[in-house]
Amino acid sequence: DAKTTQPTSMDCAEGRAANLPCNHSTISGNEYVYWYRQIHSQGPQYIIHGLKNNETNEMASLIITEDRKSSTLILPHATLRDTAVYYCIVGGSGNTPLVFGKGTRLSVIA
Amino acid sequence: DAGVIQSPRHEVTEMGQEVTLRCKPISGHNSLFWYRQTMMRGLELLIYFNNNVPIDDSGMPEDRFSAKMPNASFSTLKIQPSEPRDSAVYFCASTLWGDTQYFGPGTRLTVL
């Protein structure tokens, strides 16, 4: 079973920041937080991951709380192409399977 | 880099027929995963390999499903005989030890 809890759906206005929350209260000390997204009919796409510190790359920022029990994925300037299902996943290193929950369906609205 | 390659992209078959799905991982990757996605169950792991060796096949639904990885650049997922409830999108993903997983475009299987 997935070890994360996410809202079922969210809306965001185009050009605004999209903040997607995730709860992972049972995360272990050596487990990472991964974010993937799936655009309709495509394979899941890696976005970002982190262990303790906040992370930023060209796609998004990941903010992890100090107690590591929750995190937020931030898309700084959402576009229509960011409309997708976003999955927050807790797990070990990349060569172990990902356990997907239901994710958050983000709709970016013009 | 071509990414993870899966074939066919779409497969329509009749119940009872054998179906073979193929995956070519990214060159140099040493782990390969097969996932299945349905509306009811979402994305779920079927089996994964490390260095061509099956590590966990507990997600394989039943004996009708089998997977092989004869070398580092090729894997197959076979269903024999196929049933309508096997209709789903099947994804293959690969990774280099400790890195993130990269997914293929998937094979949409329809069993009539």
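The present account deals with the structure reproduced in this document. Keep in mind that this is a model prediction, so the values were computed, not measured. (Residues numbered from 1 in each chain as written. Chains lettered and ligands numbered in written order. Predicted model: local features only at pLDDT ≥ 70, side-chain atom pairs only at ≥ 80, totals over all residues. Heavy atoms only, no water.)

1. Digging into the overall build of chain A
Okay, so step 1: Secondary structure assignment for chain A yields 0 helices and 9 strands.
Okay, so step 2: Order of helices (α) and strands (β) in chain A, N terminus to C terminus: β-β-β-β-β-β-β-β-β.
Okay, so step 3: The C-alpha radius of gyration computed for chain A amounts to 13 Å, which stays within 12% of the reference 13 Å derived for 110 residues, consistent with globular compactness.
Okay, so step 4: Dimensions along the principal axes, computed over C-alpha positions, put chain A at roughly 40 × 30 × 25 Å.
Okay, so step 5: Residues counted as buried form 43% of the 110 residues belonging to chain A.
Okay, so step 6: Within chain A, counting contacts between residues at least 6 apart in sequence, those at least 24 apart form 56% of the total.
Okay, so step 7: For chain A, the exposed area adds up to about 5700 Å²; of that, 48% sits on carbon and sulfur atoms.
Okay, so step 8: Across chain A, the 9 positively charged side chains and the 9 negatively charged ones have centroids separated by 3 Å. (Helix = DSSP H or I, 4+ residues; strand = E, 2+ residues; numbered from the N terminus. Rg over C-alpha atoms; globule rule 2.2 N^0.38 Å. Buried < 20%, exposed > 50% of the residue type's maximum accessible area, 1.4 Å probe, protein only. Contact = heavy atoms within 4.5 Å. Areas by Shrake-Rupley, 256 points an atom, 1.4 Å probe, with all protein chains shown as cover. Lys, Arg positive; Asp, Glu negative; His and termini not counted. Charge placed at Lys NZ, Arg CZ, Asp CG, Glu CD.)

2. Observations concerning the environment of Cys92(B)
Okay, so step 1: Locating Cys92(B) in the fold gives a position in strand β9 (residues 88-95).
Okay, so step 2: For Cys92(B) and Thr76(B), which are 16 residues apart along the polypeptide, the C-alpha to C-alpha distance reads 9.7 Å.

3. A few points about the layout of surface pockets
Okay, so step 1: A volume near 960 Å³ is recorded for the largest pocket.
Okay, so step 2: What lines the largest pocket is a set of 35 residues, among which Val85(A), Tyr87(A), Arg105(A), Gln37(B) and Met39(B) lie closest to the centre.
Okay, so step 3: Looking at the lining of the largest pocket, the elements that each hand over two or more residues are β8 (84-91) and β9 (104-109) of chain A together with β4 (31-38), β5 (42-50), β9 and β11 (107-111) of chain B.
Okay, so step 4: Ranked by the residues each element gives to the lining of the largest pocket, the list is headed by β9(A), at 4 residues.
Okay, so step 5: Grouping the amino acids of the lining of the largest pocket by side-chain chemistry returns 15 nonpolar, 16 polar and 4 charged. (1 Å grid on protein atoms, 1.4 Å probe; cavity = no way out; pocket = protein on both sides within 12 Å on 5 of 7 lines; lining within 4 Å. Points joined across faces, edges and corners; volume = space filled by probe spheres on them. Nonpolar A, V, L, I, M, F, W, Y, C, P; charged D, E, K, R; others polar.)

4. Points about the interface of chain A and chain B
Frequently, the measure chosen for interface size is the accessible area removed from exposure when the parts meet.
Okay, so step 1: Residue-level contacts link 16 residues of chain A with 19 residues of chain B.
Okay, so step 2: Carbon and sulfur atoms make up 56% of the surface buried where chain A meets chain B, a total of about 1400 Å² over both sides.
Okay, so step 3: The tally of links from chain A across to chain B stands at 0 salt bridges.
Okay, so step 4: Mapped by element, the contributors of at least two residues to the side of chain A that touches chain B are β3 (32-38) and β4 (45-50) of chain A.
Okay, so step 5: In terms of residue class, the side of chain A that touches chain B is built from 7 nonpolar, 9 polar and no charged. (Buried area = accessible area lost by both parts, 1.4 Å probe. Salt bridge = Lys/Arg side-chain N within 4 Å of Asp/Glu carboxyl O.)

5. A look at the state of the cysteines
Residues and elements named next belong to chain A.
Okay, so step 1: One pass over the full model with this rule turns up 2 disulfides over all chains.
Okay, so step 2: One disulfide in the model links Cys22 with Cys88; its S-S distance is 2.1 Å. Note on the Cys22 and Cys88 pair: the S-S dihedral is about -85°, so by sign convention the disulfide is left-handed. Placement of Cys22 in strand β2 (residues 18-23) and of Cys88 in strand β8 is noted, with a sequence separation of 66 residues between them. Considered together, Cys22 and Cys88 belong to a single accessibility category, that of buried residues. (Disulfide = S-S within 2.5 Å.)

6. Structural notes on the packing of aromatic side chains
Okay, so step 1: Within this structure, the stated rule accounts for 10 aromatic pairs over all chains.
Okay, so step 2: Judged by centre distance (5.1 Å) and plane angle (90°), the rings of Tyr87(A) and Phe100(A) are edge-to-face. Taken together, the residues span a long stretch of sequence, with Tyr87(A) in strand β8 and Phe100(A) in the loop between β8 and β9 at a distance of 13 residues. The pair Tyr87(A) / Phe100(A) is uniform in exposure class, with both members buried.
Okay, so step 3: On the basis of an interplanar angle of 25° and a centroid distance of 6.2 Å, the ring pair of Phe33(B) and Tyr35(B) is categorised as stacked. The same class applies to Phe33(B) and to Tyr35(B), which are both buried.
Okay, so step 4: Here the aromatic cluster, defined as three or more aromatic residues joined through ring pairs, consists of Tyr36(A), Tyr46(A), Tyr87(A), Phe100(A), Phe33(B), Tyr35(B), Tyr48(B) and Phe103(B). (Phe/Tyr/Trp six-rings, centres within 6.5 Å; stacked < 30°, edge-to-face > 60°.)

7. Considerations on unusual backbone geometry
All names here are of chain B.
Okay, so step 1: Residue Pro8 is bonded to the preceding Ser7 through a cis peptide linkage, with omega at -10°.
Okay, so step 2: If you trace the backbone, Pro8 turns up in the loop between β1 (5-7) and β2 (10-13).
Okay, so step 3: Between Gln80 and the following residue, Pro81, the backbone shows a cis peptide bond with an omega angle of -5°.
Okay, so step 4: Within the secondary structure, Pro81 is located in the loop between β8 (74-79) and β9.
Okay, so step 5: One non-glycine residue, Asn51, lies in positive phi territory at about 50°.

Function-wise, these values are silent; they only describe arrangement.
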